[in-house]
There are 2 protein chains.
Amino acid sequence: MSIVGTDIGIVRTQYFYSTRPLVLESGSVLAELVLAYETYGVLNANRDNAILVLHALSGDAHVAGRHSPDEKHPGWWDDMVGPGKAFDTNRYFVICSNVIGGCKGSSGPISVNPDTQSPWQADFPIVTIQDMVAAQTHLIDALGIEQLAAVAGGSMGGFQALAWMARYPNRVRKAILLATSAAHSAQAIAWNAIGRHAIMSDPRWCQGFYRADAPPHAGLAIARMIGHITYLSDISLAQRFSQRYQHTTVPSYALADEFSVESYLTHQADKFNKRFDANSYLYITKAMDYWNVMQPGQSLGEALSSWQGHTLIISFDSDTLYPTSESVLIASALTENGASVESYELHSNAGHDAFLLESTAQTPLIAAFLRR
Amino acid sequence: MSIVGTDIGIVRTQYFYSTRPLVLESGSVLAELVLAYETYGVLNANRDNAILVLHALSGDAHVAGRHSPDEKHPGWWDDMVGPGKAFDTNRYFVICSNVIGGCKGSSGPISVNPDTQSPWQADFPIVTIQDMVAAQTHLIDALGIEQLAAVAGGSMGGFQALAWMARYPNRVRKAILLATSAAHSAQAIAWNAIGRHAIMSDPRWCQGFYRADAPPHAGLAIARMIGHITYLSDISLAQRFSQRYQHTTVPSYALADEFSVESYLTHQADKFNKRFDANSYLYITKAMDYWNVMQPGQSLGEALSSWQGHTLIISFDSDTLYPTSESVLIASALTENGASVESYELHSNAGHDAFLLESTAQTPLIAAFLRR
């Protein structure tokens, strides 16, 4: 891919610690809050050039650059964030924080419960997308930013962007929604639910109070495998794997794994188990399944009625998890509200993952939208 | 649904027992063979009015009617098989046998290994779609049928119909292929593979030698849940469940199941565990994943080059498991071969399951095709 711009170099994760109580939608209160976050570029004197990037289910605060020169892979959206890139750090101060409920440094099931000084595990309160965003407002407040130039995210990142638009419309000027939806569909709930079922029926889950050295790897592996197939497309899977065997050209006539796609899934699941907490997977997928920008009884237009900003919406034609039809609902509601919307369906064989991969196609749209 | 025709009444399962050795594709030999089968209608004097119906992954020989007056549900394709129905038992002698590798009376992992007089379990040899069909030829031979009027099946039933067309073209006059494909796609393999992974990582699986009273229910439940979502469509799931809770109108803010679609999946998984063997699920999905009507190096046209019969192909626009594009490949290859093909894409929101549910739309197409 020929991405314009240069790499951001070495970055570090910072930790925002706050004792300002966070009242959750459930009524529970987080008395202490930690948010792991990274920033790129420079906040200007007017403090009005900040863009909050919002990550998806398995993402984290590490959007771009490397933590050390020998880090194997850069941040998860390195193609998109940096000097001269879609989110141009020569112009913007880009911020990303790990969501609450996550396991990458923010308050969540593996962080310490201040009451017990032990990890929360399954005692961590259930959080929603709206709670994740409420926590982000505490960070933005602490950074002295009154109004964000933009919020931007794909998938669950788009949910958070929509929550900003609905809840804090005066604190954001522009929103970028990629491969996302205004409410979780039954099918998307079902995939997450099966993943949760796999984790919670793993005997090592232990009602969520598992030993750190014996987590429910088998269950999380299955959840991740399911996720992977829903993030890809039938076309991309066919192109990459077809019906090939991993090690031979003939069938083994045995029950064991042998197809290339099976090796791929097993490899992805192993990698995920090394970097993600099973309880965190339960909490975040639950938040996604609750996701609905509409309050009970509200229409989508009503939910977004206070939003006066500009919105860029991008969907991908091979995304079956958050298909274009979901984006069309958002674009239509905003248009009916008289809000300014630009909406594109891009062609890609990459499925839902396109928002992470199709940087070349997204860059000019995002860059132009931000400059306007 | 307003299905023409009347119900078939009380039927019974029969058992074909043979000591004619069945040489499997793997090279293994089944020295004894049992096929559970049912028949409906009357074989005519010329023995040329037989239609072999071929079942899908979780199907069995019980296509239509009831085994007793108080049986709750009739056979799995009762809407389609009976006097005056699509497969009109006033005209045709309809046969269906449980596949080998199955768990509904035919030779498979829960049947008795004649060498040990104990259930085969995971010692049962791996079988392929072609092996299932080879076993069916033994039954058809025993019934004194030289040539079938038709073979018909949806999904894995369509795989078997295609195997008949490729391997035994002179023994079949017409083929009906519903919601099927000529080779298993990477995506379809992946879904089956994740299901197998769930079963085989259930500690109760015990390398396939589990106790009859302690089978790997948790693993099979996950496999079945995955299957169910791939058999439905996002539209049908949205219509049936949306984001509703099963027992309340407000979130529980707990990790436990609460969405209607979760209750549905759990219920379906429980039902499936009561009627299906986990090893059988492994064997049959493995056979599906190996499925390719083409020998290595063959084109689809070459694989079907000896087929001189007539073919009816139906696909459904919401089927993402075996989408219309798969049917188009088969229709194109047959057309290029100069064979007689009729091909339809029907509209349905029912997803892959449409071939089981859309009887009203399929009936006139199938009835007319059979009469021509």
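Per chain, the residues get numbers from 1 upward, laid out in the order the sequence is written. Chains carry letters from A onward and ligands carry numbers from 1 onward, assigned in written order. pLDDT decides what is reported in this predicted model: residues at 70 or higher carry local features, side-chain atom pairs at 80 or more are listed and counted, and totals for whole chains, interfaces and linings draw on all residues regardless. Hydrogens and water molecules were not included; the side-chain quantities draw on all heavy atoms of the structure.

Colleague: Please clarify how the overall build of chain A should be interpreted in this entry.
Modeller: Tallying secondary structure elements over chain A gives 11 helices and 14 strands in all. Against the compact-globule benchmark of 21 Å for 372 residues, chain A has a radius of gyration of 20 Å, which places it among compact chains. In terms of principal-axis extent, the alpha carbons of chain A reach across some 65 × 50 × 50 Å. In chain A, buried positions account for 61% of the 372 residues. The contact criterion used throughout is that any non-hydrogen atoms of two residues lie within 4.5 Å. Pairs at least 24 residues apart make up 73% of the contacts formed inside chain A by residues separated by at least 6 positions. Shrake-Rupley sampling with a 1.4 Å probe provides the accessible areas, and residues are treated as covered by the protein chains on show and by no other component. Of the roughly 14000 Å² that chain A leaves accessible, carbon and sulfur atoms contribute 52%. Starting at the N terminus, helices and strands are each numbered in turn, a helix being any DSSP run of H or I of at least four residues and a strand any DSSP run of E of at least two. The reference for a compact globule is 2.2 Å times residues^0.38; the radius of gyration itself is calculated from the C-alpha atoms. Partly exposed describes any residue whose relative accessible area lies between the buried limit of under 20% and the exposed limit of over 50%, with all areas from a 1.4 Å probe on protein chains only and scaled to the type maximum.

Colleague: Any chance you could explain the packing of helix 1 (residues 129-142) of chain B against helix 2 (residues 156-167) of chain B here in plain terms?
Modeller: Any two packed helices are characterised by the angle at which their axes cross and by the distance between the axes. All names here are of chain B. Between helix 1 and helix 2, the shortest axis-to-axis distance is 9 Å and the interhelical angle comes to 70°. The orientation of helix 1 with respect to helix 2, classified from their angle, is roughly perpendicular. When the axes of helix 1 and helix 2 are compared, the crossing they make is right-handed. Of helix 2, the residues touching helix 1 (which contributes I129, Q130, M132, V133, Q136, T137 and I140) are M156, F159, Q160, A163, W164 and R167. All residues other than Ala, Val, Leu, Ile, Met, Phe, Trp, Tyr, Cys, Pro, Asp, Glu, Lys and Arg, Gly among them, are scored as polar; the first ten of these are nonpolar and the last four charged. A class-by-class count of the residues in the contact of helix 1 with helix 2 yields 8 nonpolar, 4 polar and 1 charged. Axes here refer to lines fitted to C-alpha atoms; in helices the fit is confined to the stretch in contact. Angles between the N-to-C directions go from 0 to 180 degrees. Angle categories are assigned with fixed cut-offs, so that under 35 degrees is roughly parallel, over 145 is roughly antiparallel, 65 to 115 is roughly perpendicular, and the rest are oblique. Handedness of a helix crossing follows the sense of rotation of the near helix relative to the far helix, less than a right angle counterclockwise being left-handed and clockwise being right-handed.

Colleague: Hey, could you run me through the nonpolar core in this one?
Modeller: Ranked by internal contacts, the top residues of the largest apolar core, which has 191 residues, are I95 and I100 of chain A together with I95 and I100 of chain B. With residues up to four places along the chain from it excluded, the contact list for I100 of chain B reads L22, L24, L30, L33, L35, S106, S107, V127, D131, M132 and A135 of chain B. In this text, buried Ala, Val, Leu, Ile, Met, Phe, Trp, Tyr and Cys residues form a nonpolar core when linked through side-chain atoms within 4.5 Å.

Colleague: So what exactly am I meant to see when it comes to the interface of chain A and chain B here?
Modeller: Size of an interface, as often reported, equals the accessible area lost when the parts are brought together. With 53 residues of chain A at the contact, the number on the chain B side is 53 residues. Across the chain A to chain B interface the summed buried area is about 4300 Å²; carbon plus sulfur atoms make up 71%. A per-residue breakdown of the area chain A buries against chain B is headed by Q243, Y253 and L255 of chain A, which together make up 18% of the total. We define a salt bridge as a contact between a side-chain nitrogen of Lys or Arg and a carboxyl oxygen of Asp or Glu at a distance within 4 Å. For the pair chain A and chain B, the interface holds 4 salt bridges. Accessible area that two parts lose when put together, with a 1.4 Å probe and added across both, is what the buried area reports.

Colleague: Help me understand the relation of the copies chain A and chain B in this model?
Modeller: Here two copies of a chain appear, and what relates them is a rotation about an axis with a shift along it. Overlaying chain A with chain B gives an RMSD of 0.0 Å, the required rotation being 180° about an axis along which the chain moves by 0.0 Å. Look at the turn and shift together and you get a two-fold axis relating the two. Comparing contact sets, 100% of the residues at the interface of chain A also lie at the interface in chain B, consistent with an isologous, same-surface contact. Least-squares superposition of the copies uses the C-alpha atoms of those residues scoring a pLDDT of at least 70 in each of them.

Colleague: Hey, could you run me through the sheet that holds strand 13 (residues 310-316) of chain A in this one?
Modeller: Think of a sheet as strands paired side by side through backbone hydrogen bonds, with each pair either parallel or antiparallel. Residue and element names in this part refer to chain A. Reading across from one edge, 1-4-8-5-11-12-13-14 is the order of the 8 strands in this open sheet, with mixed pairing throughout. Each having just a single partner strand, strand 1 (14-18) and strand 14 (340-346) make up the two edges of the open sheet. Strand-to-strand twist across the sheet, computed as the mean angle between neighbouring axes with direction ignored, equals 20°. Along the sheet, helix 1 (residues 129-142) contacts strand 1, strand 4 (33-40), strand 5 (50-54), strand 8 (93-97) and strand 11 (148-154); its crossing angle with strand 4, the most-contacted strand, is approximately 60°. Set on the sheet, helix 2 (residues 156-167) makes contact with strand 5, strand 11, strand 12 (172-178) and strand 13; between it and strand 11 the angle comes to about 145°. Should DSSP find at least two bridges between two strands, the strands are regarded as paired.

Colleague: Explanation requested: the pattern of salt bridges in the structure shown.
Modeller: Opposite charge on two side chains lets them pair, provided their charged atoms get close. As enumerated under the stated definition, the model contains 24 salt bridges over all chains in all. Residue D141 of chain B pairs with R20 of chain B through a salt bridge whose shortest N-O separation is 2.9 Å. Of the two residues, D141 of chain B sits in helix 1 while R20 of chain B sits in the loop between strand 1 (14-18) and strand 2 (22-23), which places them 121 residues apart along the sequence. The partner of K85 of chain B in a salt bridge is D78 of chain B, and the shortest N-O contact between them spans 3.6 Å. Take K85 of chain B and D78 of chain B: they sit in the same class, and that class is buried. Each of D7, D78 and K85 of chain A takes part in a single network of salt bridges with overlapping partners.

Colleague: So what exactly am I meant to see when it comes to the sheet that holds strand 1 of chain B here?
Modeller: Residue and element names in this part refer to chain B. A sheet is described by the order of its strands in space; here 8 strands give the open sequence 1-4-8-5-11-12-13-14, paired in mixed fashion. Both edges of this open sheet fall to strand 1 and strand 14 (340-346), since each of them pairs with a single strand only. Recorded for the sheet is a direction-independent mean angle of 20° between the axes of neighbouring strands. Where helix 9 (residues 324-336) meets the sheet, it contacts strand 12 (172-178), strand 13 (310-316) and strand 14, and its direction lies at approximately 160° from that of strand 13.

Colleague: Just to check I follow, could you spell out helix 7 (residues 278-290) of chain A for this structure?
Modeller: Quick reminder: α-helices carry 3.6 residues per turn. Residues three or four places apart thus point the same way. Multiplying 1.5 Å by the residue count of a helix minus one yields the expected span of that helix. When the terminal C-alpha atoms of helix 7 of chain A are compared, their 19 Å separation across 13 residues agrees well with the 18 Å that a helix rising 1.5 Å per residue should span. Two or three places before N279 of chain A, at the opening of helix 7 of chain A, D277 of chain A has a side-chain oxygen 3.3 Å from that residue's backbone nitrogen. Whenever a nitrogen or oxygen atom comes within 3.5 Å of another N or O atom, the pair is scored as a polar contact, on the condition that within protein one atom can donate a hydrogen and the other can accept it, and that pairs from neighbouring residues in sequence are kept only if both atoms are in side chains.

Colleague: So what exactly am I meant to see when it comes to the packing of aromatic side chains here?
Modeller: Working definition: rings of Phe, Tyr and Trp (its six-membered ring) pair if their centres are within 6.5 Å, and the pair is stacked with planes under 30 degrees apart, edge-to-face with planes over 60 apart, and tilted otherwise. Under the criterion given, the structure shown has 31 aromatic pairs over all chains. Measuring from ring centre to ring centre gives 5.4 Å for W77 of chain A and F87 of chain A, while their planes differ by 40°; the resulting arrangement is tilted. Separated by 10 residues along the polypeptide, W77 of chain A in the loop between strand 5 and strand 6 (81-82) and F87 of chain A in strand 7 (residues 87-88) bring together distant segments of the chain. The same class applies to W77 of chain A as to F87 of chain A, namely buried. Between F124 of chain A and Y283 of chain A, the aromatic rings sit 5.8 Å apart at their centres with planes inclined by 75°, giving edge-to-face as the arrangement. Of this pair, F124 of chain A sits in the loop between strand 10 (118-119) and helix 1 while Y283 of chain A is found in helix 7, placing the two residues 159 residues apart along the sequence. For the pair F124 of chain A and Y283 of chain A, a shared accessibility class is recorded, and that class is buried. Three or more aromatic residues link up through ring pairs in this structure, and these residues are Y245, Y253 and F259 of chain A together with Y290 of chain B.

Colleague: Would you mind showing me how to read the side chain of S260 of chain A here?
Modeller: All names here are of chain A. Inspection of the secondary structure assignment puts S260 in helix 6 (residues 260-275). Taking the relative accessible area as the measure of exposure, S260 reaches 6% and is therefore buried. Here S260 is in contact with F241, R244, Y245 and Q246, once residues within four sequence places are set aside.

Colleague: What am I meant to see in the environment of M288 of chain A here?
Modeller: Residues and elements named next belong to chain A. As for its placement among the helices and strands, M288 is situated in helix 7. Given a relative accessible area of 4%, M288 falls into the buried group. Separated by 158 residues in the primary sequence, M288 and Q130 place their C-alpha atoms 10 Å from one another. If we ignore the near neighbours within four places in the chain, the residues touching M288 are L57, I129, M156, F159, H184, N192 and Y322.

Colleague: What should I look at first to understand the state of the cysteines in this one?
Modeller: A covalent bond between the sulfur atoms of two cysteines is referred to as a disulfide. Residues and elements named next belong to chain B. Here, a disulfide means two cysteine sulfur atoms that sit within 2.5 Å of each other. All told, the structure shown has 0 disulfides over all chains when counted by the stated rule. Not part of a disulfide, C96 finds its nearest cysteine sulfur in C103, a span of 14 Å. Given a relative accessible area of 10%, C103 falls into the buried group.

Colleague: Help me out: how do you make sense of the pairing of strand 4 (residues 33-40) of chain B in this one?
Modeller: All names here are of chain B. In terms of residue burial, strand 4 counts as a mostly covered element, since 6 of its 8 residues are buried. Pairing of strand 1 with strand 4, which is carried by 5 bridges, proceeds in the antiparallel orientation. By the bridge assignment for strand 4, S18 is matched with L33. Note: strand 4 against strand 8 (residues 93-97), 4 bridges, orientation antiparallel. Looking at strand 8, one finds that Y40 is bridged to V94.

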